[in-house]
Each structure stands twice: as C-alpha cells, then as structure tokens.
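# Commentary on secondary and tertiary structure
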Amino acid sequence: MRTIEEINSKIESGEANVFSAHEIKKLIKQDKAPSFEEVDVVTCGTCGVMSGTAAIFNIIVSEAGVFKRAKNIELNGIPVTVGPCPNEWLGSVDLILSGTSKSKDNPNYGGGFLLKDIIEGKEIAIKAETIDGDIIESSTSIDEISTAQLIGSRMAFKNYTAFTNPANEAVSSIFSVIPLEGNLFGLTFSGCGDLNPLQNDPFMNVIKPGVKILLNGAEGLVLANGTRSTSEKPNLMLTGNIKEMSSRYIGGFKTGEGAEIFDTVAIPIPILNKEIYNDILVKNSDIPLIVADIKGRHMPLDEITYSDVWDGFDYRPVFNKDKCINCLTCIIEDICPTNAFSKSLSNEGISKINEDNCFGCGMCVSYCKAKAFNMNIGSVNLNIGNCNSEVPIICRQSDKLRANMLSDELKEMIINGDFSL
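What this report covers is the structure whose coordinates are included nearby. (Residues numbered from 1 in each chain as written. Predicted model: local features only at pLDDT ≥ 70, side-chain atom pairs only at ≥ 80, totals over all residues. Heavy atoms only, no water.)

## Describing the overall build of the protein chain
Within the protein chain, the secondary structure is distributed over 9 helices and 24 strands. For 421 residues, the compact-globule estimate of 2.2 N^0.38 gives 22 Å, and the C-alpha radius of gyration of the protein chain, at 23 Å, lies within 12% of that figure. Projected onto the principal axes, the alpha-carbon positions of the protein chain cover approximately 70 × 60 × 40 Å. Scored against the burial criterion, the 421 residues of the protein chain give a buried share of 54%. Restricting to contacts in the protein chain with at least 6 residues of sequence separation, those with at least 24 account for 69%. For the protein chain, the accessible area works out to roughly 18100 Å², and carbon and sulfur atoms hold 49% of it. Charge-centre separation for the protein chain: the mean point of 38 positive side chains lies 4 Å from the mean point of 54 negative side chains. (Helix = DSSP H or I, 4+ residues; strand = E, 2+ residues; numbered from the N terminus. Rg over C-alpha atoms; globule rule 2.2 N^0.38 Å. Buried < 20%, exposed > 50% of the residue type's maximum accessible area, 1.4 Å probe, protein only. Contact = heavy atoms within 4.5 Å. Areas by Shrake-Rupley, 256 points an atom, 1.4 Å probe, with all protein chains shown as cover. Lys, Arg positive; Asp, Glu negative; His and termini not counted. Charge placed at Lys NZ, Arg CZ, Asp CG, Glu CD.)

Laid out in structure tokens, this is it:
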C-alpha cells in the first residue's frame, strides 16, 4: 500500500516514477512492463467528440445603465442561453453555451468552433436583444471575458460503440461526418482504448469527485459521475477554466447533423496498491468494442476489440500534393470535420494540411477521388447475419495523438512539480 502523501513526497524529491499510459502500453506489448514497485503514477488521456460539453460565461455587452436585462443573445451567430442571474442594468450578462449549439446561418459552425475561436483570442461578435426589444451589437474577446468555465456533463466514457450501416439507404447521424452509406460501406468509432482513464481505473478506485485533472490543457476537477453513468458504463462530469485552456485540445467537429465539439482529458492514476497496478496493465486487445446499427444504436451487430481499430495504424494522414487533381469542388475541404484543409488562393488545389486542426479522423483518406492522402486506417472483419464482411474504417471520432500529447504534458507537469496529486 502507498498513500497519496507518500507519492507526492516522492514527486517533490524527484524520486517518483511517472509514466504516460502509452509508454506503459508499449512496454507491456514488449513484455517489459515495470513492476508495481517501479511505478508511482500513470497519466492517462482521451480525446474525442464529447457532446455533453457546455460553457458558462459572464460577458460585457454594453456600458452599465444602457439596458435593464437581455432577452436573447448570439455569439458569432450562435444562440446562447441568457441567465440565470438577471444582472439588471449592469451591462454584463451571464450566458450558457452548449457545445452542440449551432449558428442559425451555418450549422457547420457550432459551440466547439466558437470556443476554439475564443481561446485563440479572436474577436467575437455579440448581438443582444433586450427585454424592451432593442438590439445591441458589440464584440468581446477572451481578455475581456471575466468568467469562462467549461462544464462537461458526461465526458471520457469508459465504453463506446462503433457503428456501421447494414441497410440500403444512407443514414445521417452525429456518428458520421456525412450520411453513412449503406451495405456496410464503412465503420465509424469513438474511444482511445487502453489510453482512456476509465479503462485504466475501471472501478474508479482513484478517479473520484475532487480529483485534479487536465481538461483541454487547463487544470480542472472531477465533479461527479456524469449523466447516464453506471457502474458498467461510467463517465465523468468535469470542469476547468476556459481562459487557461489550449486551443490545441478543443474544437468543433462537423457531423451529418451539424457541428459537435471535441475535448481532451488527462487524468493521473496514482498506483496505491496491487489492484490499481493490475488495472493499468489493460491492453487494447482486452477491451471490447460493440458494433451497432447506426440507425438503431441499441441493436448490436458484432463485437470487436480496440486492437482491431488502433493497433498498428497511423494517427495522421500524409498529403501528396503531386496527386491533387484540383477538383472544381473539393469534397475534402467540405467534409473535413475540423477544417484542416483549404484550397490555395491560386486555385491549385489543396496546398497543405493544417496540422493544428487535423484530427486524424481518416475522412480525407476515405473520400479523396485522387487518393492524394496516405494513412493506414485499417478495416475490420464483421460477422453479420452469418456473412463475414471486410468493412473499412472510414471515420474516427477520437484522436489518440492528442490524448498522448496531453498525457505527456501532465507527466512532465508532475515530474517538474507543477501538478500535485
């Protein structure tokens, strides 16, 4: 047995053995796993579409005394909820933004894209309607926003589901960037597998309310179990200060039902006893991934593992500009869920990948007519209706590269004494 105090003392003296989850998993696969005595902390991470994300702001709309109360407000054209505090005559307003809220003019611009713009310091347009019917237009930026707190009502699920479409007709869904074509055209999935914090602490022996975390690069907290959380399928309610977050780890993600939001979470697992140590030895091949009908999420079709969708595959595409044929309408520019591509001003086709925006989802590889993108994203064998089918993976809604980056960042913060348990 160890205590948190003992591990913190080792961290302060520079004697703690801290590993990131992907370091541990690599050693396990090489049969070189460190022993219980050789591990004090493992930093685990996950990144993916997390629809239960919301933000609470207090913003200045005008000088004090100009209006009594606001009735409706839009930020960059996205409706937000006003309140709950009335803030009479103050000129400032409390707002609640849903990560799944969408612009009235552009459903592909939603809460996730807005939050990324705010964190990057961009000027944000405000349009407010007062209770008297007056319209006030102004602007704000992150330096002028006094309070900006992220609340995740359910994040970092332990259990996810993969989806395919066995029917004939295409199905529009939040689980696919564009309507998912039928006849088992492709597979879309979520989850970072053996990097995921709750996969490494499945019984929540250490991940509890009050535990410190990194949420999109900012120090945050576990508030409680998330909505719809069960002992078999746990998820977390998390919070963090938006003003301290990095735009690298949060953003919008376009789907067939409009814009969603992705977040990145890293949580330290202190190895207090042998049971906790044994849990962090989990591998992708140990973690089941149910494949369901995208039109009937409750209808399982088959079961695979996270090894089938992650092990040995690439995290990012490579763009070969010489193969780009400069399509008149570039489908990749339209369907990239995180806007990582844009055609050059000289109209000579896509010029490059925006590495900061790229999510490694695989849509460019699956849909580029000229095959100008290279990335080994894999396929899975599904046994459906006594028929074995090879189904290509066409979209990932989780990003292991960002998960690794944030878990590495947390590891370095712990080693440097900037983050205590």
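This is not the end of the story, as more comes after the structure.
## Comments concerning the pairing of strand 6 (residues 92–98)
Each regular strand carries side chains that alternate between the two faces of the sheet. Counting buried residues along strand 6, 5 of its 7 residues qualify, which places the element largely inside the surrounding structure. Note: strand 3 (residues 53–60) against strand 6, 7 bridges, orientation antiparallel. Looking at strand 6, one finds that A54 is bridged to S98. When strand 5 (residues 78–82) meets strand 6, the two strands line up antiparallel, connected through 2 bridges. Looking at the pairing, V82 lines up with L95 of strand 6. (Pairing = 2+ DSSP bridges.)

## Let's talk about the environment of S420
Secondary-structure assignment places S420 in the segment after helix 9 (400–415). Once residues lying within four places of it in the same chain are set aside, the contact partners of S420 are N8 and K212.

## What about the side chain of T264?
As for its placement among the helices and strands, T264 is situated in strand 16 (residues 258–270). Judged by its relative accessible area of 0%, T264 falls in the buried class. A polar atom in the side chain of T264 sits 2.8 Å from the backbone oxygen of Y249. Residue contacts for T264: discarding those within four places in its chain leaves T46, C47, L214, L215, N216, Y249, R402, A403 and L406. (Polar contact = N/O pair within 3.5 Å; in protein donor to acceptor, adjacent residues only side chain to side chain.)

## Looking at the nonpolar core
F57, I73, V309 and F373 are the most contacted members of the largest nonpolar core, which totals 130 residues. In terms of residue count, the dominant contributor to this core is strand 16 (7 residues). Residues within four places of I73 in sequence aside, it is in contact with V61, I78, P79, V80, V82, V93, L95, I126, K127 and A128. (Core = buried A, V, L, I, M, F, W, Y, C linked by side-chain atoms within 4.5 Å.)

## Section: the environment of T100
You can see T100 is positioned in the loop between strand 6 and helix 3 (111–119). Since its relative accessible area comes to 24%, T100 is described here as partly exposed. Taking C-alpha positions, T100 is 17 Å from S247, a pair spaced 147 residues apart along the chain. Setting aside its immediate chain neighbours within four residues, T100 contacts S51, A259 and E260. Within polar-contact distance, the side chain of T100 engages the side chain of S98 at 2.9 Å.

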